[in-house]
Each structure stands twice: as structure tokens, then as C-alpha cells.
Amino acid sequence: MKRSWRRKSKRGREMEDSNTWVAPKIPLDLLIEILARLPAKSIMRFKCISKFWSSLLCSSFFCDRFMMLRSPRQPRLYMSLLDKDDYSKSMLLSSAPSPASPSSIVFDQDLTIREMGGYYLRAVRGFIGFTVFKKEARIYNPSTRQLIILPAVESNILAEVDKYNISYFICYDPLKDQYKVLCTITVVSEERMQTIRSERWVLVLEAGGSWKRVAKDFHPHFPDPLELTMNGVLYYLGWTDSHTCVLVSFDISSEEFSMLQVPRKPGDVLPMLGKWVATIDYGGKVAVFDYTYLKESGTMDLWVVEDWRKQEWSMKTLALKPSQMHLVTDNRLKPKGTMLKGKIVLVPLKLVSPFYFLCYDLQTNDLKKVGIKGIPNRWFSKQAKCFDMEFMDPSDNINYLDT
């Protein structure tokens, strides 16, 4: 009996020890390092554990650390589809990360949420900007599912006229750690662009942020909606009249503008409506890609900015191989960036089935057709529709923007 009592007492002590055992406390810095390596979806769930966890995971320090530890990945292809008759039926599709030279891409994620409708895609550090038809703009974060409807710009131009052009560009200021939206509003006279009126507005995406007009004395110009951001500067093409094309730069931190006139070949007198040009990243330099004669002759001109202050350019002409000319004659194309390691992505202007894009390698002069799957069939038969497509860095951003 005595031995039995001792065994029972030992068990009791073991049970007591197990009930009072407390795991050693994880140091805060180690906890942050562990959590920052988890997927964005897990972080979103962990915010519900307690006020402390919510405060920690929403802090700017943790969000910056989370972004910093995201290993570089292949870009994803995003596609927005806008139903002009019913914005609520619009869609946002995404593919899995794409290799440098894909043979086909499949849209396997539907990122659509209500009231998202819009189709000009802009992406910065996980935030996607949309221009909703005519004049509205919205910012969407697929990781947090946060959707921000931007306030309307109180422009004199919008109050005076019915016909105008408006473009929104979302950008990030690394010096001030701020997200900004640049809005350009332009009115052009119907007689060969003899008169151009334009305004530029900037909105900082922060609590209490409001639109402010900038660069009031900058030369009026009609902007192209396709932009390029490099080293804290946003670039886009514009027209100061029907024949003068300019490259415009916007310093995101200082909010200052500058422009250079884009050169032309001798004898090139085509007006704006006859020119097909876009900005691209050419080996870390800003370049103007002129593909006006791509469909007719398979040639393209590349104007590279060598020195902005000295207004120095270099130029080279590219020519497709004769065996690849059939790829560019079926549909008018437009460039959509150079995310795939120096390859220009050329997208058809029309949504046709089977859908595809062309991938042009600037170094090897090779053109490749890439098929796209996963677009719902009903979109090919819709009449009132718009679409946009863009390769973007698939950054997961767990920040919530205060507005």
C-alpha cells in the first residue's frame, strides 16, 4: 500500500506540473521575424487574435519588414474586364507567377470584389489602381481586400466642359514612405489640337489627404495613359500639339515636372493620330518605343534617353524576322511594359478568342506568341466592354491605407 501511495503521489505531481507549465516567452524581435515570413492570408487571420496582435501586425515597422522579406518572384499577369453596361459585372483576373519565357498562361484566380469596376491597371507595391470609366478612380489591395474610392477632383476644367480626358497614375515615394496618385485633366480643341488646357493634381493617400493642384505653369499637353516608373520618377508621353511628342517626367517626391521633345527621323511628319509610341525600360534607361510601322513593315525605332539634362538621345532601328511577320498583321497591338526580363509585351487592342499576347526580345530580336486561357467565354461576345492587361510584381502588401 505504501508503494502504491508513492506512485499515486508521483502522478499527481506530474499532473500538477503539466497544468502549471508555461511556454517560454518568445522575444518580440524573434516573433516579428517569424511572422514576417508567413503568407499574407495568415497575417490577415492572426490580426483577429487580440488587440496586441492587431496592433503589431498593422504597425508600419512590421509591414515594411514583411515587404522587405518577400523574395523576388516572377511577375503575375493581371487582367481587368469592364462591362460598360453594368460595372458590377466587371472582373479582375490573375495568373500564377510566370516564367521568363512562358509558352502559355492561365488565369487561375478571380480577385473581383463588388464596386471595383474599372479597367486601366496601375500597380505599385501590391496596390492596384483602376480608372473607372470617365472620371472616377479606385485603389484595391488584393491581399487585404481593401477598396478605396478616391474623392473627386475639384477642377475648374471639369466644371466648365463636358468633353475632357482624365488619367490617374498611382505611385510610391520611397523617401517619405507615401503612396500618391497623380491626376491629369486635359481639354483639347477639336481643330487639330490648336488649343490645349491641362491641369495636374496630386493626392497623398493618408488620413485627411486631399487633392492639391501642382505645376500650374507647366506646359499644357495631352498625356498618354501608359506610364513607366523608374528610380522614383514617373514617365509618360504627351503631345503639346498634333505633331510634337514629348516625354514628361514627374518626380514623385518633389512633385516637379519636366519634359523633353521626342526626336523624329528625317521626313517623319505623321500627326499624333498616325503615331504609335510608348515608354519602356531599356536596360535601366527610359526609352520611347516607336512601333508605328510594325504592322506594315515589321520595323520599330527605339529612342533611348542617354542624358536628360543635356537632352541627349540615341536611336536604333529593329526589324522583325520575315518568318515572324504573320504574327503582327492580324491585329493592332500595344506595348504593355517590359516586366519579363527586357522583353516587350505586345497586347492586341481587341479581345479575340483564342486570346494571346506577343513577347518581343529586344536583344535577340525574337518574337514569340503566348496563349492565354481562363478568360470566361461570355466576355468575347460582349459588345460594350473594355479590358486592360499588365504584368505586375506580385508583391503582397498587408498595409491598410488611411484616407
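Residues numbered from 1 in each chain as written. Predicted model: local features only at pLDDT ≥ 70, side-chain atom pairs only at ≥ 80, totals over all residues. Heavy atoms only, no water.

Asks: Quick one: what's the story with the packing of helix H2 (residues 28–35) against helix H4 (residues 51–58), residue by residue and with numbers?
Replies: Two elements in contact, H2 and H4, have axes separated by 12 Å at closest approach and are oriented at 70°. Viewed along their axes, H2 and H4 adopt a mutual orientation that is roughly perpendicular. Between H2 and H4 lies a crossing whose hand is right-handed. Together, Leu28, Leu31, Ile32 and Leu35 of H2 and Phe52, Trp53, Leu56 and Leu57 of H4 make up the contact between the two elements. The residue inventory of the contact of H2 with H4, partitioned by class, reads eight nonpolar, no polar and no charged. (Axes fitted to C-alpha atoms, helices over the stretch in contact; angles between N-to-C directions. Helix = DSSP H or I, 4+ residues; strand = E, 2+ residues; numbered from the N terminus. Parallel < 35°, antiparallel > 145°, perpendicular 65-115°, else oblique. Left-handed = near helix turned anticlockwise from the far one by under 90°. Contact = heavy atoms within 4.5 Å. Nonpolar A, V, L, I, M, F, W, Y, C, P; charged D, E, K, R; others polar.)

Asks: Mind laying out the sheet that holds strand S1 (residues 76–83), listing which residues take part and the relevant values?
Replies: As summarised here, the arrangement of the eight strands in space is S20-S21-S22-S23-S3-S2-S1-S24, forming an open sheet in which the pairing is mixed. A strand with exactly one partner marks an edge of an open sheet, and here the two such strands are strand S20 (333–335) and strand S24 (385–392). Going across the sheet, the axis of each strand differs from the next one's by a mean of 30°, ignoring polarity. Relative to strand S3 (residues 104–110), strand S2 (residues 91–95) runs antiparallel, the two sharing three bridges. Following the sheet pairing, Ser94 is matched in S3 by Gln109. (Pairing = 2+ DSSP bridges.)

Asks: I'd like a description of H2, backed by residues and values.
Replies: Buried within H2 are the following residues: Leu31, Ile32 and Leu35. Across the axial projection of H2, the buried residues extend over an arc of 100°, all falling on one side. Taken together, the buried residues of H2 touch helix H3 (40–46), H4 and helix H5 (60–68). (Buried < 20%, exposed > 50% of the residue type's maximum accessible area, 1.4 Å probe, protein only. Arc of directions from axis to C-beta.)

Asks: Can you tell me about the pairing of strand S15 (residues 257–261), naming the residues and giving the values?
Replies: If a strand is regular, its side chains alternate between the two faces of the sheet. Pairing geometry for strand S14 (residues 245–251) and S15, over five bridges, is antiparallel. Within S15, the position partnered with Val246 by the bridge is Gln261.

Asks: Please set out the pattern of salt bridges residue by residue, giving values where relevant.
Replies: Counting across every chain of the model gives 19 salt bridges. Between Glu160 and Arg197 there is a salt bridge, and its shortest N-O distance comes to 3.0 Å. Of this pair, Glu160 sits in helix H6 (residues 156–160) while Arg197 sits in strand S10 (residues 196–204), placing them 37 residues apart in sequence. Glu160 gets classed as exposed once you look at its relative accessible area, which sits at 52%. Given a relative accessible area of 34%, Arg197 falls into the partly exposed group. The salt bridge involving Glu296 is made with Arg332; its shortest N-O contact spans 3.8 Å. With Glu296 in helix H7 (residues 294–297) and Arg332 in the loop between strand S19 (312–319) and S20, the pair connects residues that are 36 residues apart, well separated along the chain. One salt-bridge network, in which partners are shared between bridges, spans Asp173, Lys180, Lys212 and Glu255. (Salt bridge = Lys/Arg side-chain N within 4 Å of Asp/Glu carboxyl O.)

Asks: Describe the packing of H4 against H5, naming the residues involved and giving the relevant values.
Replies: Angle between the axes and distance between the axes: these two values describe a pair of packed helices. At their nearest, the axes of H4 and H5 sit 5 Å apart, and the two run at 55° to each other. The pairing of H4 with H5 is recorded here as oblique in orientation. On H5, the residues touching Leu56, Leu57 and Cys58 of H4 are Ser60, Phe62 and Cys63. Looking at the contact of H4 with H5 residue by residue, the classes come out as five nonpolar, one polar and no charged.

Asks: Quick one: what's the story with the nonpolar core, residue by residue and with numbers?
Replies: Ranked by internal contacts, the top residues of the largest apolar core, which has 24 residues, are Ile139, Leu150, Tyr168, Cys183, Ile185, Leu205 and Trp211. Every element with two or more residues in this core is listed here: strand S6 (136–141), H6, strand S8 (165–173), strand S9 (178–188) and S10. A per-element tally of this core places S9 first, with five residues. (Core = buried A, V, L, I, M, F, W, Y, C linked by side-chain atoms within 4.5 Å.)

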